[in-house]
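The primary structure of each chain is shown beneath.
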Amino acid sequence: MIGLISATAAGAAARDRLAAAWPDRTRVYEGPVGDAVRTAFAQCEQLVCFLATGAVVRLVAPLLSGKTEDPGVVCVDEGGRFAVSLLGGHAGGANELAREVGGLLGAEPVVTTATDAVDLPGLDTLGLPVQGDVAGVSRALLDGEAVALRAEVAWPLPPLPVTDEGAYTIRVTDRLVEAAGREVVLRPPTLVVGVGASKGAPVEEVLGLVEDALREAGLSAASVAELATVDAKAGEPGIVEAAERLGVPLVTYSAGELAGVDVPHPSDAPLAAVGTPSVAEAAALVGGGELLVPKRKSAASPAMATCAVVRRPGRGRLAVVGLGPGARDLLTPRAQAELRRASVLVGLDQYVDQIRDLLRPGTRILESGLGAEEERARTAVEEARKGQAVALIGSGDAGVYAMASPALAEASDDIDVVGVPGVTAALAAGAILGAPLGHDHVSISLSDLHTPWEIIERRVRAAAEADIVVTFYNPRSRGRDWQLPKALGILAEHRTPATPVGVVRNASRPDESSRLTTLGALDPATVDMMTVVTVGNTATRDIAGRMVTPRGYRWQSAREGSE
């Protein structure tokens, strides 16, 4: 919860805007400011104070406990010009909160954390448990000293300026080790603990067994991703509470799923009890991986719990990112976040140039020219399979005539895939033209590079007969100049020459141009590959120079009845 505190009418107005935008995330604290700050500090994970920073410093100073315990605090000035990350920039999330508040209120976020100032990811912001000399290693990164990365398990990290050797070390491991001097240990969630238990098994026995198994195998409990068991034990109190105490989710599988997993130590007892010859080992191995701790029983007599531990391979992450039509303000915040998260960027060279300045230092860029779409897709998937955090970029929306489909055709379930939507060329052009897509519409690419013309023509004819607004992508190139006239001719069989047609070139870019013409007057020779052509349906009208398709046909009927 985010506590909101203000002292003046101007502050209260901004506070109320934030509360209205985030009703489920915020709570307004009224009354004397000192009392409000103290109460919110004790009750909330974060605070936004519409007060002077000096006043907030004096109010929170006596309340401070420690970096990992204190809430994040953001101050917004009386004029709403700045959102200052004052306390808990990383651990308390104040840096990100300042950016969010700034975006909502139109204030400039002020972040002074050293790593953020030079656009390096903070080691304590990676979403992984961290131990060791965070401050010292972070200073070494900032000062350009050699910092070695020792990745004992693969995990997708954001770009870091690391080397193979150095006086400082970032160690990525799920082993039970203490951080050495000048070392930071990051613990990725690579371990799955399968558990089985008899009815009524006490939590102390289940939890003790799990902790002993991890410790004796030299594994860290901080790297446990989940506890896994059979569906029949989903409500077993000892297992449920053990998961809660470990702070991990409890995942369950049907007896049939577990029975299909090949395990080294099947048993008749669980087969008779719950319908599978293995619970602990099978539940841990469902997702694949290396069995580090075979099934073992608790020390109680009789033993009421079993467990097994598996290390799942680190899963790479592939974000397929739509950059929008070209304008920076049409690049979504989610897309920008994924670009900053990626340690590897794969894309068409001209698209890379559009967003190069948004990448963090150390991002590895793999760019190529036109016509290498399938190669880029394969490269992105291969990099993700190495455990990297990869962003594969495309213009508009990556799922529309762009990189998502070839990438997903290459990918399997051994990597995590995230789709990031973008503003399409059709939408960007539609906004420029007016409202041509107000009713049913379809996008059709006229390029026969990947699709035979016979299929394209059949789709154009179907859209023409169904009276659907059509946006043509890839309408005409130097070597492909007859498809657009052919497509327009098919539409003309079902629509009058006066049908509005919108032509937009380089939508949202500095050299953007647009014009509204008609189906009868459009000269295909004026169109190129940087253009989208939108042809209206029988209801589309030119209204004050804007292309408008009504949401229904009643308007058309009324107009025709009055003529």
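The notes below deal with the structure included here.

## Points about the overall build of the chain
Part 1 of the argument: A count of helical and extended segments in the chain gives 19 helices and 28 strands.
Part 2 of the argument: C-alpha atoms of the chain, sized along the principal axes, occupy 90 × 65 × 55 Å.
Part 3 of the argument: Of all intrachain contacts in the chain linking residues separated by at least 6 positions in sequence, the fraction that spans at least 24 positions is 63%.
Part 4 of the argument: When the accessible surface of the chain is split by element, carbon and sulfur atoms take 51% of a total near 25,700 Å².
Part 5 of the argument: Of note, the chain has its 53 positive side-chain charges centred 2 Å away from the centre of its 70 negative side-chain charges.

## Details of helix H12 (residues 333-341)
Part 1 of the argument: Residues Ala 335, Glu 338 and Leu 339 constitute the buried set of H12. All buried residues of H12 project into a common sector of 100° when viewed along the axis, lining one side. Opposite its buried face, H12 presents the exposed residues Pro 333 and Arg 334, each directed more than 90 degrees away.
Part 2 of the argument: Where H12 is buried, its residues touch strand S16 (317-322), strand S17 (344-348), helix H13 (349-355), strand S19 (389-394) and strand S20 (416-420).

## Some thoughts on the sheet that holds strand S14 (residues 290-297)
Part 1 of the argument: In space, the 5 strands of this open sheet follow the order S13-S12-S11-S15-S14, with mixed pairing throughout. Each having just a single partner strand, strand S13 (250-253) and S14 make up the two edges of the open sheet. Within this sheet the neighbouring strands show an average axis-to-axis angle of 20°, counted without direction.
Part 2 of the argument: With 7 bridges connecting them, strand S11 (residues 191-197) and strand S15 (residues 305-311) associate as antiparallel partners. Paired with Val 195 across the bridge in S15 is Cys 307.
Part 3 of the argument: Sheet contacts for helix H7 (residues 203-216): S11, strand S12 (224-230), S14 and S15; angle to S15, the most-contacted strand, approximately 40°.

## Some words on the side chain of Ser 343
Part 1 of the argument: Here Ser 343 lies in the loop between H12 and S17.
Part 2 of the argument: Since its relative accessible area comes to 9%, Ser 343 is described here as buried.

## Some remarks on helix H17 (residues 453-465)
Along an α-helix, residues three or four apart share an orientation, since each turn contains 3.6 residues.
Part 1 of the argument: The end-to-end C-alpha distance of H17, which contains 13 residues, comes to 18 Å, matching closely the 18 Å that a straight helix rising 1.5 Å per residue would cover.
Part 2 of the argument: Taken together, the buried positions of H17 are Trp 453, Ile 456, Glu 457, Val 460, Ala 463 and Ala 464. Down the axis, H17 shows its buried residues gathered within 125° of arc, on one side only. Facing away from the buried side of H17 by over 90 degrees, the exposed positions are Glu 454, Arg 458 and Glu 465.
Part 3 of the argument: On its buried face, H17 sits against strand S22 (441-445), strand S23 (469-473) and helix H18 (483-492).

## Examining the pattern of salt bridges
Close approach of charged atoms lets side chains of opposite charge pair.
Part 1 of the argument: Following the criterion strictly, the structure yields 29 salt bridges and no others.
Part 2 of the argument: Note that Glu 30 is salt-bridged to Arg 15, the shortest N-O span being 3.7 Å. Of this pair, Glu 30 sits in the loop between strand S2 (26-28) and helix H2 (33-43) while Arg 15 sits in helix H1 (residues 9-21), placing them 15 residues apart in sequence.
Part 3 of the argument: A salt bridge links Arg 385 to Asp 414, with the shortest nitrogen-to-oxygen separation between them at 3.0 Å. Of this pair, Arg 385 sits in helix H14 (residues 373-385) while Asp 414 is found in the loop between helix H15 (404-410) and S20, placing the two residues 29 residues apart along the sequence.
Part 4 of the argument: Ionic contacts of the salt-bridge type, sharing partners, join the residues Arg 150, Glu 152, Arg 171 and Glu 183 into one network.

## Overview of the nonpolar core
Part 1 of the argument: Membership of the largest hydrophobic core comes to 23 residues, with the highest contact counts inside it found for Val 193, Val 195, Leu 214, Val 224, Leu 227, Cys 307 and Val 309.
Part 2 of the argument: Where this core is concerned, the elements lending two or more residues are S11, H7, S12, helix H8 (237-246) and S15.
Part 3 of the argument: Discounting chain neighbours no more than four positions away, the residues touching Leu 227 are Val 193, Val 195, Ile 239, Ala 242, Ala 243, Leu 246, Val 248, Pro 249, Leu 250 and Val 251.

Cut-offs and rules
Residues numbered from 1 in each chain as written. Predicted model: local features only at pLDDT ≥ 70, side-chain atom pairs only at ≥ 80, totals over all residues. Heavy atoms only, no water. Helix = DSSP H or I, 4+ residues; strand = E, 2+ residues; numbered from the N terminus. Contact = heavy atoms within 4.5 Å. Areas by Shrake-Rupley, 256 points an atom, 1.4 Å probe, with all protein chains shown as cover. Lys, Arg positive; Asp, Glu negative; His and termini not counted. Charge placed at Lys NZ, Arg CZ, Asp CG, Glu CD. Buried < 20%, exposed > 50% of the residue type's maximum accessible area, 1.4 Å probe, protein only. Arc of directions from axis to C-beta. Pairing = 2+ DSSP bridges. Axes fitted to C-alpha atoms, helices over the stretch in contact; angles between N-to-C directions. Expected span 1.5 Å × (residues − 1). Salt bridge = Lys/Arg side-chain N within 4 Å of Asp/Glu carboxyl O. Core = buried A, V, L, I, M, F, W, Y, C linked by side-chain atoms within 4.5 Å.

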